[in-house]
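Letter by letter, the chains look like this.
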Amino acid sequence: MKPLNKPYSLFSALWSSSSYYSVLILVFVVPFFVISVLVCTSGSSSWTWRFGNNILETDYSSSLAVSTRSRPSQVLEAAEAHHINSSSSSKPNETTTHLLPHQIGEKQEMVWNDQRLGADEVNATSASAVTIKRYSRLGKLEANLAGVRASIREAARVRNLTSTHEDPDYVPKGPIYRNANAFHRSYLEMERLFKIYVYEEGDPPIFHNGPCKSIYSTEGRFIHEMEMDNNIYKTRDPDEALVYFLPFSVVMLVQYLYAADSHNTDSIGRAVIDYVNVISDKHPYWNRSLGADHFMLSCHDWGPRTSSYVPHLYHKSIRVLCNANTSEGFNPSKDASFPEIHLRTGETKGLVGGLSPSRRSILAFFAGRLHGHIRYLLLNEWKEKDQDVQVYDQLPHGVSYESMLKKSRFCLCPSGYEVASPRVVEAIYAECIPVLISDSYVPPFSDVLDWKSFSVQIQVKDIPNIKTILMGISQSQYLRMHRRVKQVQRHFVVNGPSKRFDVFNMIVHSIWLRRLNIRIEDQVE
């Protein structure tokens, strides 16, 4: 019996057949040639961002484009997406950026789209057609902010006077807010995401310090609160920060560097220039955004002048100023107004509260020195001329300033040499309706608060008509405004340590809103 033939083996044939080289070419060389052709011809295809039903064309030179030389192996799972307005802006406070879509997780799907198929025919689930974009740390932060903007816009559509969001401490409600629901949503997102890096360069007393018992107390109190280790917004990792604080005090710069009566502030300007040069040389963050995600804070009248020595600080950075004067360069879309609070003892004890409306016998009250042309007009018109409108440049001996506030219905708050006045907060503390008399002043937190609902705003030209205007406010309207002043107090009270929704957190929220107005991207090498 003949033995059975061994099974035919391709591999053994290759080694034994005389056609070895022909088969080798067939198996290895031809497929290699076909693959090379496919890779070369793929260069004519385009990359597109796909999220939801939107496809945004990108260019290889864009910082958002994915390089074909490095293709991550993982495939992104489906993520919720929001429509984002990616149009560029010519506003001086915005950087030129690409707005990233909202992300869930750390990756963004990117689809390779063959132009022959058309965008709508792309199969995003095919492993051979899908690659991903890994965000840088900055990219991830910007993607999160894109989602925040969308959530706030959605909340703003709810026009109820009461927020629909739950909160164990306080639920914003009532006409004191422009939109209670949008404010509350924004505040909760701030607590969840906002991180601030405080530069450590510089030594006290000019840096990391400020007055806490003076007319400039809000400047010192903010610096002190911001640098506390238990501050929920402070981070020691600059890469996770959304904004960067320049912790110099203009009050201290003036105290230590200004030559009295010289009217020359160049020494102050040089100190700020040197400081910005130090942090821009040592850290990459200032140059990355040209200062757009940095902020300074000053309650001194010379805060705007001090910032002008560094053009990008003046034009691009977030300037948090008591002297919020639009006629002197204050830009409400990037700069934030914050209240001037005169804490003589460093505390608000005894300042908050006042008599009931029925016991307030004085229609309007003001006491203050001649300090600028508006006060000159007020004193000239009303000083010692009417018992209903009591205006003093100096109170009679034995009369308490605080007691006069607490028994007046309306408290006159004229600007001095600069637009801000501590009398605005003094009136709110005393539950007296503030009467703002100024030109070009942006009141604190006016993004959130509707000042017309709890204050009276009188133009300078109407100073002679103050009594007529105030007498024209009905009793029922006055009572409503009085209740609203009591409600809004919580946003102006200074606490140590800070409490939710108090003045410190409202200042931080104003900075948070300005950061939402800009988009920062990594520099393209």
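Residues numbered from 1 in each chain as written. Predicted model: local features only at pLDDT ≥ 70, side-chain atom pairs only at ≥ 80, totals over all residues. Heavy atoms only, no water.

**Q** Quick one: what's the story with the nonpolar core, residue by residue and with numbers?
**A** By size, the foremost hydrophobic cluster in this structure holds 121 residues, and its most contacted members are Phe194, Phe222, Phe248, Leu412 and Trp512. What Phe248 contacts, discounting residues up to four positions off in sequence, is Ile206, Phe207, Ile223, Leu253, Val272, Tyr275, Met296, Leu297, Thr306 and Leu313. (Core = buried A, V, L, I, M, F, W, Y, C linked by side-chain atoms within 4.5 Å. Buried < 20%, exposed > 50% of the residue type's maximum accessible area, 1.4 Å probe, protein only. Contact = heavy atoms within 4.5 Å.)

**Q** Describe in detail unusual backbone geometry, supporting the description with residues and values.
**A** In this structure, the amide linkage connecting Pro204 to the following residue, Pro205, adopts the cis form with an omega of 10°. Among the structural elements, Pro205 can be located in the loop between β5 (196–198) and α5 (217–226). Residues Gly496 and Pro497 are joined by a peptide bond in cis, for which omega reads 0°. For His208, which is not a glycine, the phi torsion comes out positive at approximately 60°. With respect to the secondary-structure elements, His208 resides in the loop between β5 and α5. (Helix = DSSP H or I, 4+ residues; strand = E, 2+ residues; numbered from the N terminus.)

**Q** Which residues make up the pattern of salt bridges, and what are the values?
**A** In total, this model carries 22 salt bridges according to the counting rule given. One salt bridge connects Asp293 with Arg288, and the closest N-O pair in it is separated by 3.6 Å. We classify Asp293 as buried; its relative accessible area is 1%. By relative accessible area, which is 17% here, Arg288 ends up buried. The salt bridge involving Asp447 is made with Arg514; its shortest N-O contact spans 2.8 Å. Linking Asp447 in the loop between β14 (433–437) and β15 (456–458) with Arg514 in helix α16 (residues 503–516), this pair joins segments that are 67 residues apart in sequence. The partly exposed category is assigned to Asp447, whose relative accessible area is 37%. If you follow the salt bridges from partner to partner, you end up with Asp167, Asp169, Glu191 and Arg500 in one network. (Salt bridge = Lys/Arg side-chain N within 4 Å of Asp/Glu carboxyl O.)

**Q** Describe the pairing of β14, with residues and values.
**A** Within β14, five of the five residues are buried, which leaves the element mostly enclosed by the surrounding structure. Neither face of β14 is exposed, since Ile433, Val435 and Ile437 on one face and Pro434 and Leu436 on the opposite face are all buried. Summarising the sheet, strand β13 (residues 408–414) and β14 pair through five bridges and their orientation is parallel. Of the residues in β14, the one forming a bridge with Cys411 is Pro434. You can see the chain leave β13, run along helix α13 (residues 423–429) and come back into β14, and the turn it takes is right-handed. As judged from the three bridges shared by β14 and β15, these two strands associate in the parallel manner. Counted as the bridge partner of Ile437 is Ile458 from β15. (Pairing = 2+ DSSP bridges. Right-handed = clockwise from strand over helix to strand, strands pointing away.)

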